[in-house]
Amino acid sequence: MDEFYETEEPAAAPADPEAGVRHALDALDGLDDLPPAEHVARFEAVHDALRAHLSGDA
């Protein structure tokens, strides 16, 4: 008689919790090359990305 064994798939490795933060902060790369007038929009985009990551929406 054949026996049926349930096999569990290996759990996926947990995502790097800091990867989202690093990814958001990468948007600040090259900031020195932008005119100061464009800095605010870049900072707001990073802030929004960090907020989404920390709230679990990203």
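All of the points below concern the structure found in this document. Once a new chain begins, its residue numbering starts again from 1 and follows that chain's sequence as written. Note on the predicted model: pLDDT of at least 70 is required for a residue's local features to be given, and 80 or more for side-chain atom pairs to be given and counted; whole-chain, interface and lining totals, by contrast, use all residues. To obtain the side-chain values, all non-hydrogen atoms of the structure were included, while hydrogens and water were left out.

## Describing the packing of helix H1 (residues 19-26) against helix H2 (residues 36-55)
So, step 1. Where H1 meets H2, the closest approach of the two axes is 9 Å, and the angle between their N-to-C directions is 170 degrees. When the axis of H1 is compared with that of H2, the two are roughly antiparallel. Packed against H1, whose contacting residues are Gly 20, Val 21, Ala 24 and Leu 25, the element H2 presents Val 46, Ala 49, Leu 50 and His 53 at the interface.
So, step 2. For the contact of H1 with H2, a count of residues per class yields six nonpolar, two polar and no charged. Note on geometry: axes are C-alpha line fits, over the in-contact stretch for helices, and angles between N-to-C directions span 0 to 180 degrees. Only runs of H or I of at least four residues qualify as helices and only runs of E of at least two qualify as strands under DSSP, and these elements are numbered from the N terminus. An angle counts as roughly parallel when it lies under 35 degrees, as roughly antiparallel when it exceeds 145, as roughly perpendicular when it falls between 65 and 115, and as oblique in every other case. Contacts are assigned to residue pairs that have any heavy atoms within 4.5 Å of one another. Three residue categories are used. Nonpolar comprises Ala, Val, Leu, Ile, Met, Phe, Trp, Tyr, Cys and Pro, charged comprises Asp, Glu, Lys and Arg, and polar comprises the others, including Gly.

## So, H2
So, step 1. Look at H2: 29 Å from first C-alpha to last across 20 residues, which is about the 28 Å you get at 1.5 Å a residue.
So, step 2. Phi for Gly 56, located one or two positions after H2, is positive at around 90 degrees. Expected span, for any helix, means 1.5 Å times one less than how many residues it has.

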